[in-house]
Each structure stands twice: as structure tokens, then as C-alpha cells.
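Structure at a glance
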Amino acid sequence: EQLMRLGTKVQMLFEEKGKETWFSGYVQRLLQDQPKEMVEIAFYDGEASTVPRTDRDVKLIDQGKLRLPPGAPKPQRAGPHVPDVIGIMNFIENFRVEMQLPKGGLADLIEGLTSPASSQLLGDLYMSLLYCAMQAAKQQLLVVPDTWFAETTLNQYTWPEVTRRWIIFGPWGDIHKQRCVEACSAVAALPQQVCGCKATPQAHLAMLQCLIEDCLEFSSVHENIEKRLDKSDDLRRNEALRQKDFAEGDKAYKKERERREAEINGLLNDEDDPEPVLEIPPELIESNDDDKQSKIDELQEEFERSHETWEKKRNNKTRAGERERDQADREERRFYDRHEKQEAENSSKLEKVQVRHALVGHDRHRNCYWWFPSDKPNLYVEPEAAVPGSGAGEWRVYTGVEEIEKLQAALDIKGSREHDLHMGLEKLKTKLSNVASVMPEALGVAEMSGLRQGKQFAAESESFQMLQQEIQNVAEVLEDEQRSLLEAHSPAWATDMTKAADCTQLAALMLLIEGAISDSLAPKKRTEVKREAPAGGEAEAGGEAAAMDEDPKTEEEDVPAAATNGAHGEWLVEGSKYVGMRVRRNVRGDDGKLVGKGNGMIVGWLPAEKSDFYCRETGLPAALWHVRFDDDEVGEEDLEVSEVQAACRDYDQLQAALSSSRTSLVGSAKRPDEKKGEEGAVQEEPADVRARDQADEGVVDMVEAGNKQSKRALWTSSLQRDAWRAGGTDAGK
């Protein structure tokens, strides 16, 4: 019988772009007080639709037909969500150590699904699964942004947005859209409220299952599964050998019991030493002698003495046999007790190393019977799939020892399946608990009292203010290059920072800031080219205007002609105001780590139509400027317009810092006031260029020592980072 109840999985027909499509959902409410019986169907993206219960565009997903052995009690219907919740809980229990999954039981998981704002487990579970899934993708050399799982960004407030990006736009996004349709729909509602409160429990289940599928590609999970399978094979192999030895020992003890029984019977019927019998000769009985009675008394006394002697011998033999039998019985009991103990130990070891929980057994109709340690009171029945490979219907459940004993009594132990099921249930009865089950009949968002709502609102408000203040603190210390990268991604980021409405928007902005910082510190490719003789180039009038908004009336300076033939063609020395300007850039070692900063000069440029270079932010052709560093070991570098502007500002800031101390530290030491021009003649440098070059190297080192880039690119201090983490941990409780 197909039953419509809370949580029942359904499909509803919609017309999308002129094409009829079935969308998956579940029953959220039954409205029976209407003129027509109505049902509210919720979809995984947070939308809902109310339709008549008999609507032809709504169909129930096959719930399966359960056939039971004759006389078996009828089980109750388990909640439609039970297989999904149990599957996730089993994954957590099996891979908790390898994947560093959070601690918690079935009750904690259900509480997290129904009330995400007050659950620490749900957020920690999402973050652990996200980290493992991204590591699995990186192991397969797929591109995963570091900011998605950086320690400073993936927290209790950003995981909903990171989950949405991973499922939809991650390296396996196309696979998710085909394999995890419900999860792709569910992520739309995930970041709409803090801690994923807007998403329904069914939506969380779909997304968690999607992340678990991705985590199965993680090498640690693969290695763990292989180790468990190998260990399981070894345990089963050893168990088979032990069972063989047990069978031989059992056979030997049976023969020993038969021998002892025969020996006891031989003692009772010993033909070599029969029991004495009083025999009075007939002639003595018939005689009339006066001493007849005395003779009979003598025979009686002799009989009693011989019988007493015989009885002592038999009792001695019996006691010796009993001692031998007791000793044999003790050895036999130890043998069987040892067998039961080893069987229990092996069973416990198998439970610990198995990849999935073992079946209790099958009945004659091939229904599967499951018992899970996380839900001890219940025995679940999984009906056989109507079509192989189509999946089973809704599960049923027996609760308590009494119902399970009734089921056990209805089984036919002559059949192999039900014999094994009977034995499994017999062992299971010792593990069953009479405590109430924590599995609810239906999953729904928990109703919150006014006090609890007020506490949650206060916690969210406090966390929002703290997040907003911290983002403002971080924004104040951003470098110009980082601001340029941030504006390229989101031109209105400064406005969004002050007008954000909730923590989710601030979390998205935090990800953008982290991405800009990461891009600015990423190693740049440097081109090592051989210096050639300076060569002139024709001016490209208006060429630079296509690459940047530059004033066309800017007066061009007389700069040295030092163009080289690079990877992008012959560099031009005219047509750009930046040619000849001094710059300052981050310098990285061979290992990619920041080792300091280097000064250089822009010696040439190429407009967008000649550079054969595409901007990584916009994807459009962009101009390039060629920088030659003062240190030959640093080499040369090609920059975009935003990088050029930032490098020029960094150099100017350095000169401003040096100007106040140049007189006292540099003294009268000056560098030559001339340098060679294009023709090799000695020419006087412009005043501003000459002033830039007068910085003493000792002064530069002292200023650099105080201006080194912090390793914590996102945090201005460790106190701010700790405050951010503390707020993220306490928020929503």
C-alpha cells in the first residue's frame, strides 16, 4: 500500500522552457481541514507548492511491497528519512578518525538537521567533509581555490557559501548536476541564513550525501577501505580455520562422551565381577538338623561381607569414573566457552573493520534485516527491490525484544536463510536496549520558543557586528595591489562591506578579500632574457588608451630606450607614460616563498593589440609593461596595468619613508648624477629620477626590516584572529 505521510518522497510535474520535467520533493504538511484534502510539497531548493492530494501531476516514489513469513508480526513503517540518516551516521562512525570527523551520535546528528543554529556537529561535519572532498580533488590534480578551505575563511559562518560554490562550481560540478540533482537544488537555500538554517533537514541530507560521495575519492579513505578489507579477509580466514578446529574438537568430545557413557554402563553390568547373591543350598533348607539356623546365619554373614567388599570396589570405581568425568566435563566446558569467547571477539573485530554494517540476515522473501549500534532499540526491515537495481522502498521497523521474539518464533529454521536469520536474532537479543529510540517518525524544522529565538537573534547580531568590524580592520591594511585585484572581482566591495545585511554576505565578501590577498602573494613568472643594445620603436599614438583610462594629453618624458625582444614581441619605448618609471615589487625565491622586495625600471611596453596577452580577471586582451630589476639575479618581469600602478606607488612610498632619514643616515654620500643614454653619451637625469636613486642601501634595508609582509595575510594581529574564531564558535548557540 502506498501511503502519503510527512516526509514521503514524491515527484511533481512542471513545465520548464516548454518541456515537462519531474522535480523531486517531499510532503511537508497534510492539510485536512480544507474543503479538499490538500498536501504541501516542499522541494530541495526551499520552494513549496500546495496541491490537492489526488493531483495527477504528483506521484509517489515506489515505497515497495513487504512480504513476511507466515505468522510474523507486522512491523511499523519507519520514517522516509531513516536510510539516509543511518547511512550518514554509519559513514561518520566508520571514518571518524581518518577524516577527523566531529564526535557525536545519532541524536546529535538529528538535532543538527532539525535545528542547525544550535548544533555544533552539523557545521563541523560540513567543514570536515568539504576539506576532505577538496583534498581528494587536489590529489587528482584538479583546480581548487585555496581560499575555499583556508583556515582563516572556512568556519561556522562561511561553510554554507563554500558548500554552495563547491557543489555547483567545483571541479566535479557537472557530475553533481547529473548524480546529485537534489543537492544541487538544495544549495540555493543554504547560504540564505546563518548556519544553513533556511535549508530543510531533507536538503541537508541530500547535500551531506553529495559531499560523502566526493570524499570517497580521498586517498586516505581508499587506503582505509583497503586496510579494512584486508583485515576483514584475514579475520574471516582465521575464523574459518578456527571453526574447522572447533568441528574436529567437537567431534572428539562427542566420542569421549559416548565412551564415558559406555564405561558407566560397563561398571553397572560388569560380568567379570558380578554382584554377590545370597545362595542357600536346597538340601540345607530341607534338612532338619539342629544347627540349620546357625549354618544359614553363617551363610548370611558371609554374603554380607562379600557384598560389602564388592560394593566398596564398585563405589571406588564409580568415584574414579566420576572424577574422570568431572575433569572431562570441565575441559569440555572450557573448550566450548573458549569457542564462544573467540567467536564473540572475532565478531567484535569484524564489526570494527567492516566498511558497512553486516546484515542480521534474510528471510524467505529476501527482505534484509538491519540492526545498528547507533539505534539499539530498533530492528529495520528493508523490502526487496521490485526491480533489481532500482532501489528498495521504505523501510519498516520492529521495536523492542518482545516483537523480535515473535518474529523469531515465526521463522522456519529448516530453510538456510531463515536459519541464519534465527541465529542472528538470537545473538542480537543480548545487544538490544529497552531505551526509547532517538529516530523521529518525520524530520522537520524544530519549533523554537520566543526565548530561544531571542537568544539566537542576539547571538547573530553580535556576530554580525564583530564580523563587520573585523572586515573593516582587514580592509584598512590592504595593499594597493590587493585593492586593485579586489575591485576587479567586485567593484562595489567597499559599499557591500558597509551595507551587508547578514553574516552570509559578509562571509562571501571575506572570501573575495582572501582571494585578492592570495592572488597578490602568488609567485609571478619571471622572464630571464639576455640584455641587448637599446632599440627604438615607433610611437603608437593612442595605443595605450585601449588598455587603460589614461589622459591622452599627458606629456611624455624623455626616457632611456632600453627595449628588448621578449616573449610577447619587441617592446616599445614610447607611447606610455610608465616607461622609464621606477617600481618596487615582491621578490620570491625558487621555492616560491617571499624573500624581500626589489627595485627596477620599466624599460618597455606593448599595447593590448600587440601583447598577445589576456587578462586573468576579465579574459580580454591587455597591455603589458616590461620591468628590468636592478639586481641581475632577480631578472625581468612583465606586469599588467594594475600591477604597474601598485609597483609605482610602493616605490614612491619607500622614497617618502626614506626622505626623513636620508640626511642623517646618508650624509653627503651621493651617487653619480649622470648615466648613459641611448647613444652611449653621458646625460643628466631628470631631477625626480635622480632623487629616487639617491637612497642608501643601508637605509633601504632598515625600512624593509620594518615593512616585511606579514605571514598572516588576512589578520592584522593574532588577537583579531582569535576574536574572530571565538565569535564564530559561539555564534548561533
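The notes below deal with the structure included here. (Residues numbered from 1 in each chain as written. Predicted model: local features only at pLDDT ≥ 70, side-chain atom pairs only at ≥ 80, totals over all residues. Heavy atoms only, no water.)

Helices and strands together make up the secondary structure of the protein chain, namely 21 helices and 19 strands. Within the protein chain, the proportion of its 733 residues that are buried is 42%. Surface exposure of the protein chain reaches about 40900 Å², of which carbon and sulfur atoms provide 49%. (Helix = DSSP H or I, 4+ residues; strand = E, 2+ residues; numbered from the N terminus. Buried < 20%, exposed > 50% of the residue type's maximum accessible area, 1.4 Å probe, protein only. Areas by Shrake-Rupley, 256 points an atom, 1.4 Å probe, with all protein chains shown as cover.)

Bringing the sheet that holds strand E6 (residues 76-77) into the picture now. What the 5 strands build is an open sheet, ordered E6-E10-E9-E8-E7; its pairing is antiparallel. The open sheet terminates on both sides in strands that have one partner only, identified here as E6 and strand E7 (361-362). Pairing of E6 with strand E10 (residues 396-399) involves 2 bridges; the strand directions are antiparallel. Bridging from a neighbouring strand, Arg77 pairs with Arg396 of E10. Packing of helix H11 (residues 401-409) onto the sheet brings it into contact with strand E8 (368-370), strand E9 (378-382) and E10, and relative to E10 it is tilted by some 110°. (Pairing = 2+ DSSP bridges. Contact = heavy atoms within 4.5 Å. Axes fitted to C-alpha atoms, helices over the stretch in contact; angles between N-to-C directions.)

On to the nonpolar core. Among the nonpolar cores identified, the biggest contains 67 residues, and Val85, Met99, Leu129, Trp166, Met207 and Tyr380 are the most heavily contacted of them. Of all the elements in the fold, those that place two or more residues in this core are helix H1 (82-94), helix H2 (106-114), helix H3 (120-139), helix H4 (159-169), helix H6 (181-186), helix H7 (201-215) and E8. The element best represented in this core is H3, accounting for 12 residues. Filtering out sequence-adjacent residues up to four positions away, Tyr380 remains in contact with Ala78, Val82, Cys368, Tyr369, Trp370, Phe372, Asp375, Trp395, Arg396, Val397 and Met439. (Core = buried A, V, L, I, M, F, W, Y, C linked by side-chain atoms within 4.5 Å.)

For the rest of this paragraph, the subject is a negative patch on the surface. Together, Asp297, Glu298, Glu301, Glu302 and Glu304 make up a region of like negative charge exposed at the surface. Judged by its relative accessible area of 44%, Glu304 is partly exposed. (Patch = residues over 30% accessible without salt bridge, like charges linked within 9 Å, V, L, I, M, F, W, Y side chains within 5 Å. Salt bridge = Lys/Arg side-chain N within 4 Å of Asp/Glu carboxyl O. Lys, Arg positive; Asp, Glu negative; His and termini not counted. Charge placed at Lys NZ, Arg CZ, Asp CG, Glu CD.)

Moving on, we come to the pairing of strand E16 (residues 624-629). Across the 6 residues of E16, 6 count as buried, placing the element largely inside the fold. Here E16 shows no split at all, with Leu624, His626 and Arg628 on one side and Trp625, Val627 and Phe629 on the other all buried. Bridging between strand E15 (residues 594-606) and E16 involves 6 bridges; their strand directions are antiparallel. Paired with Gly604 across the two strands is His626, which belongs to E16. In terms of strand pairing, E16 meets strand E17 (residues 636-639) through 4 bridges, oriented antiparallel.

For Glu636, the position within the fold is in strand E17. When its relative accessible area of 3% is taken as the criterion, Glu636 is described as buried. A distance of 2.6 Å separates the side chain of Glu636 from the side chain of His626, its partner in a polar contact. At a separation of 3.3 Å, a polar atom in the side chain of Glu636 contacts the side chain of Arg628. (Polar contact = N/O pair within 3.5 Å; in protein donor to acceptor, adjacent residues only side chain to side chain.)

On to the sheet that holds strand E2 (residues 19-31), then. An order of E4-E3-E2-E1-E5 is seen for the 5 strands of this open sheet, with the pairing classed as antiparallel. What marks the edges here is a single partner per strand, and that holds for strand E4 (48-52) and strand E5 (58-60). Neighbour-to-neighbour, the strand axes of this sheet turn through a mean angle of 40°, independent of strand direction. In terms of strand pairing, E2 meets strand E3 (residues 38-43) through 6 bridges, oriented antiparallel. In the sheet register, Leu31 faces E3, and the bridge partner there is Met38.

Let us look at H3. Structural remark: α-helix, 3.6 residues per turn; residues separated by three or four positions point the same way. The end-to-end C-alpha separation of H3 is 29 Å, in line with the 28 Å expected for 20 residues at 1.5 Å each. The element H3 is extensively covered by neighbouring structure, given that 15 of its 20 residues are classed as buried. Two or three places before Leu121, at the opening of H3, Ser119 has a side-chain oxygen 3.3 Å from that residue's backbone nitrogen. Directly beyond the C-terminal end of H3, a positive phi value near 60° is found at Leu141. (Expected span 1.5 Å × (residues − 1).)

A few words now on the packing of aromatic side chains. Under the definition given, this model contains 18 aromatic pairs. With a centroid separation of 5.0 Å and 40° between ring planes, the pair formed by Tyr253 and Phe335 is classed as tilted. Taken together, the residues span a long stretch of sequence, with Tyr253 in helix H8 (residues 219-268) and Phe335 in helix H10 (residues 292-353) at a distance of 82 residues. An angle of 0° between the planes, with centres 6.5 Å apart, marks the rings of Trp370 and Trp395 as stacked. Of this pair, Trp370 sits in strand E8 while Trp395 sits in the loop between E9 and E10, and the two are 25 residues apart along the sequence. (Phe/Tyr/Trp six-rings, centres within 6.5 Å; stacked < 30°, edge-to-face > 60°.)

With that settled, the discussion passes to the pairing of E4. Sheet analysis places E3 next to E4, joined by 5 bridges and oriented antiparallel. Each bridged residue has a counterpart across the sheet, and for Glu40 the counterpart in E4 is Thr50. A loop of 4 residues connects E3 with E4, the two strands running antiparallel in sequence, and Gly46 in this loop sits at a positive phi of about 95°.

Time to look at the environment of Thr8. Tracing the backbone through its elements, the reader meets Thr8 in the segment before strand E1 (9-16). Linking Thr8 and Tyr26, residues 18 residues apart in sequence, is a C-alpha distance of 5.3 Å. In this view, Thr8 contacts Leu3, Gly25, Tyr26, Val27, Leu60, Gln63, Pro80 and Glu394; residues no more than four positions away in its chain are not counted.

Now for the environment of Thr318. With respect to the helices and strands, Thr318 occurs in helix H10. For Thr318, a relative accessible area of 30% puts it in the partly exposed group. Distance in space between the C-alpha atoms of Thr318 and Glu263 is 10.0 Å, their sequence separation being 55 residues.

Moving on, we get to the packing of H11 against helix H12 (residues 416-428). It is at 10 Å that the axes of H11 and H12 come closest, and there the two elements cross at 155°. Considered as vectors, H11 and H12 are oriented roughly antiparallel to each other. H12 is crossed by H11, and the crossing has left-handed handedness. Across the interface between the two elements, Ile404, Leu407 and Gln408 from H11 touch His422, Leu425 and Glu426 from H12. Considering only residue class, the contact of H11 with H12 consists of 3 nonpolar, 2 polar and 1 charged. (Parallel < 35°, antiparallel > 145°, perpendicular 65-115°, else oblique. Left-handed = near helix turned anticlockwise from the far one by under 90°. Nonpolar A, V, L, I, M, F, W, Y, C, P; charged D, E, K, R; others polar.)

From the geometry alone we can't say anything about function, so treat these as descriptive.
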